[in-house]
Amino acid sequence: MEIERKYLIGQIPKELNITKTREIEQGYLCTEPVVRIRRDNDKYELTYKSKGLMVREEQNLPLTKEAYMHLRAKIDGRLITKTRHEIPLEDALTIELDIFHGGLEPLILAEVEFPSEEKADAFTPPEWFGEDVTFSPEYHNSTLSRK
């Protein structure tokens, strides 16, 4: 189960405690239901996501690089490329700051995953977070792949 909140970011603060940076590309074989392929640095996977906005079922399966490249040629819409920075928060939470490239520039989104809906509902975002777009399907990556 994936429980996350998502926010638009207008400007990234200069002093962030970035603990990890990853280069990600992902494409969608289907958007209803969501079937996604992803390269996350040198890790490849196929993901199924159920319907939903803040709470969704998510299943990940490993892929070989060869299988990923084979499926990548079959995606619908654009291949999304982004840089993801991980920034720790209190209560063992992590901000995933996604800086999109290519046709989705200058979009920047921050996501925070939670262990429960109660924690997600009680979350107070940092001041530098912009609009909460958790409940806007317009900012799902599967939707962005079709724009």
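Refer to the preceding data block for the structure.
Residues numbered from 1 in each chain as written. Predicted model: local features only at pLDDT ≥ 70, side-chain atom pairs only at ≥ 80, totals over all residues. Heavy atoms only, no water.

Moving on, we get to the packing of aromatic side chains. All chains considered together, the criterion is met by 5 aromatic pairs. Ring plane angle 65° and centroid distance 5.1 Å describe the contact between Phe114 and Phe123, whose orientation is recorded as edge-to-face. Phe123 shares its class with Phe114; the two are buried. Within the aromatic cluster, the residues linked to one another by ring pairs are Tyr7, Phe114, Phe123, Trp128 and Phe129. (Phe/Tyr/Trp six-rings, centres within 6.5 Å; stacked < 30°, edge-to-face > 60°. Buried < 20%, exposed > 50% of the residue type's maximum accessible area, 1.4 Å probe, protein only.)

A few words now on the pattern of salt bridges. Within this structure, the stated rule accounts for 14 salt bridges. Note that Lys6 is salt-bridged to Glu111, the shortest N-O span being 3.2 Å. A residue pair is termed long-range when its members are at least 10 positions apart, and Lys6 in strand β1 (residues 2–8) and Glu111 in strand β9 (residues 108–113) qualify at 105 residues. Judged on exposure class, the residue Lys6 and its partner Glu111 are both buried. Glu58 serves as the salt-bridge partner of Lys49, at 3.5 Å between the closest nitrogen and oxygen. Residue classification places Lys49 among the buried residues on the basis of a relative accessible area of 9%. Among the residues examined, Glu58 registers a relative accessible area of 22% and is labelled partly exposed. (Salt bridge = Lys/Arg side-chain N within 4 Å of Asp/Glu carboxyl O. Helix = DSSP H or I, 4+ residues; strand = E, 2+ residues; numbered from the N terminus.)

A separate point is the nonpolar core. Counting residues in hydrophobic clusters, the biggest one holds 15 residues, and the most contacted among them are Ile95, Leu97, Val112, Phe114, Phe123 and Phe129. Listing elements by their share of this core, those giving two or more residues are β1, β8 (94–100) and β9. In this view, Phe123 contacts Tyr7, Leu89, Leu93, Val112, Phe114 and Phe129; residues no more than four positions away in its chain are not counted. Counting 11 residues, the second largest nonpolar core, distinct from the first, contains Leu8, Phe100, Leu107 and Leu144. (Core = buried A, V, L, I, M, F, W, Y, C linked by side-chain atoms within 4.5 Å. Contact = heavy atoms within 4.5 Å.)

We now examine the pairing of β8. For β8, the buried fraction is high: 5 of the 7 residues fall into the buried class. Relative to β8, strand β7 (residues 76–88) runs antiparallel, the two sharing 7 bridges. Residue pairing across strands places Thr83 opposite Ile99, the latter belonging to β8. The antiparallel hairpin formed by β7 and β8 contains 5 residues in its connecting segment, where Asp91 sits at a positive phi of about 65°. (Pairing = 2+ DSSP bridges.)

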